[in-house]
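Residues per chain, in single letters:
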Amino acid sequence: MSSSNTVRTARRPTLRVAAAALIAAAGLSLTACSGSEDTAGKKPAAVTESSSTGAQGSDVKIDTKAGAAGKAAYPSHTETLVDGSTAKIYELGEQHYRLKIVNDGAVLATLEANGHDAGLDANDMFVVITAGGEVRSWMGGGQQGPGTFELAGGWTAKVTKVGELHYRAKIYGFEGEAATIEANQQDTGLDANGGSIVLSAGGVISAHE
């Protein structure tokens, strides 16, 4: 996965961008769905920093250190996602969190935010976990790339297909290009000035405030 940084004049809050990893367990089918978000009358904040990081394959790693293993044994907290499933959040270290999506006792998917945000498209439910352990979820609003789309929060996304299960989205704000995110074989997510954006490996993009 590639990365791209863009610097803008600092007059408004900072947009933090990161790529994310998805592990789909048995029984979870990730599909691309279309929808819409109402973004009328809203403008994005100025961007002072943006980045996109990630790697192919699983982003979930088992830390063999005793301290990390102890933290990973039990969730630090749980949250109910918008579809009624449970998010179990494990604190593994500083800016290092693991999220397990559980329904009826079965783990449907695992996300890991290690120094960067993580996100996924799970059958039209979009989930982001930030590097600080904050979880956000929403339903719908997915738009299928390639194409140019208006997103919640006033952002504009230009989505291009790079290859099989490989899409790139350039995010534009009120003052021009803000960031580039890339989903290569796995979904990616970011925290956008308090909002959230997910780009799936199938080219679906959705945002939520």
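Predicted, not measured: the structure shown is a model, and the values here were computed from it.

Asker: Which residues make up the overall build of the protein chain, and what are the values?
Answerer: In terms of regular secondary structure, the protein chain is built from one helix and 16 strands. Looking at the 209 residues of the protein chain, the share that counts as buried comes to 49%. When the accessible surface of the protein chain is split by element, carbon and sulfur atoms take 47% of a total near 9,300 Å².

Asker: Which residues make up the side chain of Arg98, and what are the values?
Answerer: Residue position: Arg98 is located in strand S4 (residues 96-103). A polar side-chain atom of Arg98 sits 3.1 Å from a polar atom in the side chain of Glu112.

Asker: Please provide a residue-by-residue account of the sheet that holds strand S15 (residues 195-199), values included.
Answerer: Pairing within the open sheet is antiparallel, and its four strands lie in the order S9-S16-S15-S14. Edge positions in the sheet fall to strand S9 (143-144) and strand S14 (188-192), since each of these pairs with one other strand and no more.

Asker: Which residues make up the nonpolar core, and what values go with them?
Answerer: One finds Leu151, Val159, Ile197, Leu199 and Ile205 to be the most contacted residues of the largest nonpolar core, which totals 18 residues. Apart from residues no more than four positions distant in its own chain, Leu199 is found in contact with Val159, Tyr167, Arg168, Ala169, Ile181, Glu182, Ala183, Asp187, Thr188, Val204 and Ile205.

Asker: Account for the packing of aromatic side chains, naming residues and giving values.
Answerer: To describe a pair of aromatic rings, you give the distance between the ring centres and the angle between the ring planes. Applying the stated rule across the entire model yields one aromatic pair. Centre to centre, the rings of Phe126 and Trp138 are 5.7 Å apart; their planes meet at 20°, and the pair counts as stacked. Here the residue Phe126 occupies a position in strand S7 (residues 125-129), and Trp138 occupies one in strand S8 (residues 135-139), the gap between them amounting to twelve residues. Side by side, Phe126 and Trp138 carry an identical accessibility label, which is buried.

Asker: Residue-level account of the environment of Phe174, with values.
Answerer: Within the secondary structure, Phe174 is located in the loop between strand S12 (166-173) and strand S13 (176-184). For Phe174, a relative accessible area of 47% gives the class partly exposed. Spatially, the C-alpha atom of Phe174 lies 9.0 Å from that of Thr156, the residues being 18 residues apart in sequence.

Asker: Provide a residue-level description of the pairing of strand S16 (residues 204-208), including the pertinent values.
Answerer: Regular strands show a simple pattern: their side chains alternate between the two faces of the sheet. Burial analysis of S16 places four of its five residues in the buried class, the great majority of the element. Strand direction decides the pairing type here: S9 and S16, joined by two bridges, are antiparallel. Bridge pairing in S16 links Gln144 to Val204. With four bridges connecting them, S15 and S16 associate as antiparallel partners. Note on S16: the bridge partner recorded for Ser196 is His208. Following S15, the chain reverses through four residues before pairing antiparallel with S16; Gly203 in that reversal takes a positive phi of roughly 90°.

Asker: Pulling in residues and values, what's your account of the sheet that holds S12?
Answerer: Across the sheet, four strands lie side by side as S10-S11-S12-S13; this open sheet has antiparallel pairing. Bordering the open sheet on either side are strand S10 (147-150) and S13, each of which pairs with just one other strand. Mean inter-strand twist for the sheet, computed between neighbouring axes without regard to direction, equals 20°. Inspection of the sheet shows S10 paired to strand S11 (residues 156-163) by four bridges, in the antiparallel sense. Bridged to Glu150 within S11 is Thr156.

Asker: Tell me about the pattern of salt bridges, and please be specific about residues and values.
Answerer: What the rule picks out here adds up to four salt bridges. A salt bridge links Arg136 to Glu134, with the shortest nitrogen-to-oxygen separation between them at 3.2 Å. Under the relative-accessibility criterion, Arg136 is labelled buried at 14%. Judged by its relative accessible area of 42%, Glu134 is partly exposed. Across the salt bridge formed by Arg136 and Asp191, the nearest N and O atoms sit 2.8 Å from each other. Here Arg136 is found in strand S8, whereas its partner Asp191 is found in strand S14, with 55 residues between them in sequence. For the pair shown, Arg136 and Asp191 are each scored as buried. Three or more residues joined by partner-sharing salt bridges are found here, namely Glu134, Arg136 and Asp191.

Thresholds, definitions, all that
- Residues numbered from 1 in each chain as written.
- Predicted model: local features only at pLDDT ≥ 70, side-chain atom pairs only at ≥ 80, totals over all residues.
- Heavy atoms only, no water.
- Helix = DSSP H or I, 4+ residues; strand = E, 2+ residues; numbered from the N terminus.
- Buried < 20%, exposed > 50% of the residue type's maximum accessible area, 1.4 Å probe, protein only.
- Areas by Shrake-Rupley, 256 points an atom, 1.4 Å probe, with all protein chains shown as cover.
- Polar contact = N/O pair within 3.5 Å; in protein donor to acceptor, adjacent residues only side chain to side chain.
- Pairing = 2+ DSSP bridges.
- Core = buried A, V, L, I, M, F, W, Y, C linked by side-chain atoms within 4.5 Å.
- Contact = heavy atoms within 4.5 Å.
- Phe/Tyr/Trp six-rings, centres within 6.5 Å; stacked < 30°, edge-to-face > 60°.
- Axes fitted to C-alpha atoms, helices over the stretch in contact; angles between N-to-C directions.
- Salt bridge = Lys/Arg side-chain N within 4 Å of Asp/Glu carboxyl O.

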